[in-house]
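# Analysis of the macromolecular model
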Amino acid sequence: MATELVNLSNELAAVAERASASIVAVHGRRGISSSGIVRRDNLIVTSSEGIRVEEGVHLVLPDGRSSVARLRGRDSGTDLAVLETDAGGLRPLEHAGVGALKVGQLALAVGRTSNTGPIASFGIISGVSGEWKTWRGGTLDPFVRLDISVYPTLSGGAAVDAAGNLIGLVSTGLSRSSVFAVTGATINRIAEKLIEHGYVSHGFLGVALQ
């Protein structure tokens, strides 16, 4: 049993190390950094909640380099933002197949801070279902909830499976009580709109009082 636990511990550490090579630290709000995931060589996807400025977003890359990033767009409805950097040599993560996501599977949240480097938190996938409408008007497809303790600096980081494949972006901005993984299907759909237009239109109903 001791050997099995040691092997599991070593495998989790190896997964975190591999995933962290595609994770950057994002300084987009005063006092607290967040994390971001390399989407393509010069594009970073991160949590919209972690971006409180329109200009002057700074990144710390996996190799320790610093870079200024430009905000291409953000969508609070799905808690996603896209940043662009001129820094090269960044490596994206492989996506896990949506059909392979099951309740009870192990999940590792991996982020990065400027001071300590890679950070991680361990848990499971606690819920998987179809399309889900967020309270901010966005749509997650599919719905994936995580049972993971998440520090503020982990927001925008990567939730990966036991093989190190990307389950989704770690989001703490879509619920006061739950942590979600915004999966590749949603990231692809929203990121392309943000890159092209800078925003995503959402329909709404409201009442104006005078």
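What comes next concerns the included structure. Keep in mind that what you see is a predicted model, and the values were worked out from it rather than measured.

## Focus on the nonpolar core
Most often, soluble globular proteins have nonpolar side chains that are buried together. Ranked by internal contacts, the top residues of the largest apolar core, which has 27 residues, are Ile37, Leu93 and Val160. Only α1 (2-20), β3 (43-46), β6 (80-85), β7 (106-113), β12 (158-160), β13 (166-171), β14 (179-182) and α2 (184-197) provide two or more residues apiece to this core. Among the elements that take part in this core, α2 stands out by supplying five residues, more than any other. If near-sequence neighbours (up to four positions away) are discounted, leucine 93 is found in contact with Ala19, Ser22, Ile23, Ile37, Val38, Ala158, Val160, Gly164 and Leu166. Within the second largest apolar cluster, 15 residues are counted, among which are Leu146, Ile148, Ala159 and Val179.

## Examining the pattern of salt bridges
Scanning the entire structure with this criterion turns up eight salt bridges. Between glutamate 192 and arginine 40 there is a salt bridge; the shortest N-O distance is 3.7 Å. With glutamate 192 in helix α2 and arginine 40 in strand β2 (residues 34-40), the pair connects residues that are 152 residues apart, well separated along the chain. On the accessibility criterion, glutamate 192 (38% relative accessible area) is partly exposed. With a relative accessible area of 40%, arginine 40 lands in the partly exposed category. Here arginine 65 makes a salt bridge to aspartate 63, at a shortest N to O gap of 2.7 Å. Here the residues in one salt-bridge network are Arg70, Arg72, Glu84 and Asp86, joined through shared partners.

## What about the sheet that holds β3?
The strand order around the closed barrel formed by six strands is β1-β2-β3-β6-β5-β4, and the pairing between neighbours is antiparallel. Taking each pair of neighbouring strands and ignoring which way they run, the sheet shows an average axis angle of 40 degrees. Pairing of strand β1 (residues 23-27) with β2, which is carried by four bridges, proceeds in the antiparallel orientation. Bridge pairing in β2 places valine 24 opposite glycine 36. Contacting β2, β3, β5 (66-75) and β6, α2 runs over the sheet at an angle of about 60 degrees to β6.

## Quick notes on the pairing of strand β4 (residues 57-60)
Bridge count for β1 against β4 is three bridges, and the pairing is antiparallel. By the bridge assignment, valine 26 is partnered in β4 with leucine 59. As paired strands, β4 and β5 are joined by four bridges and run antiparallel to one another. Bridge pairing links histidine 58 to valine 68 in β5. Between β4 and β5, which pair antiparallel one after the other, the connecting turn spans five residues, and glycine 64 there sits at a positive phi close to 95 degrees.

## Quick word on α1
With 19 residues, α1 should reach 27 Å at 1.5 Å per residue; the first-to-last C-alpha distance of 27 Å fits that figure. Looking at α1, one finds that the buried residues are Val15, Ala16, Ala19 and Ser20. One side of α1 carries all its buried residues, which in axial view fall inside an arc of 125 degrees. Set apart from the buried face of α1 by more than 90 degrees, the exposed residues are Ala2, Thr3 and Glu17. Where α1 is buried, its residues meet β1, β7, β8 (117-129) and β12.

## Digging into the environment of leucine 106
Relative to the elements of secondary structure, leucine 106 occurs in strand β7. Overall, the relative accessible area of 36% leaves leucine 106 in the partly exposed class. Through-space distance from the C-alpha of leucine 106 to that of glutamate 17 is 16 Å; in sequence the pair is 89 residues apart. When sequence neighbours within four positions are dropped, the list of residues in contact with leucine 106 reads Phe122, Gly123, Ile124, Val160, Asp161, Ala162 and Ile167.

Cut-offs applied
- Residues numbered from 1 in each chain as written.
- Predicted model: local features only at pLDDT ≥ 70, side-chain atom pairs only at ≥ 80, totals over all residues.
- Heavy atoms only, no water.
- Core = buried A, V, L, I, M, F, W, Y, C linked by side-chain atoms within 4.5 Å.
- Buried < 20%, exposed > 50% of the residue type's maximum accessible area, 1.4 Å probe, protein only.
- Helix = DSSP H or I, 4+ residues; strand = E, 2+ residues; numbered from the N terminus.
- Contact = heavy atoms within 4.5 Å.
- Salt bridge = Lys/Arg side-chain N within 4 Å of Asp/Glu carboxyl O.
- Pairing = 2+ DSSP bridges.
- Axes fitted to C-alpha atoms, helices over the stretch in contact; angles between N-to-C directions.
- Expected span 1.5 Å × (residues − 1).
- Arc of directions from axis to C-beta.

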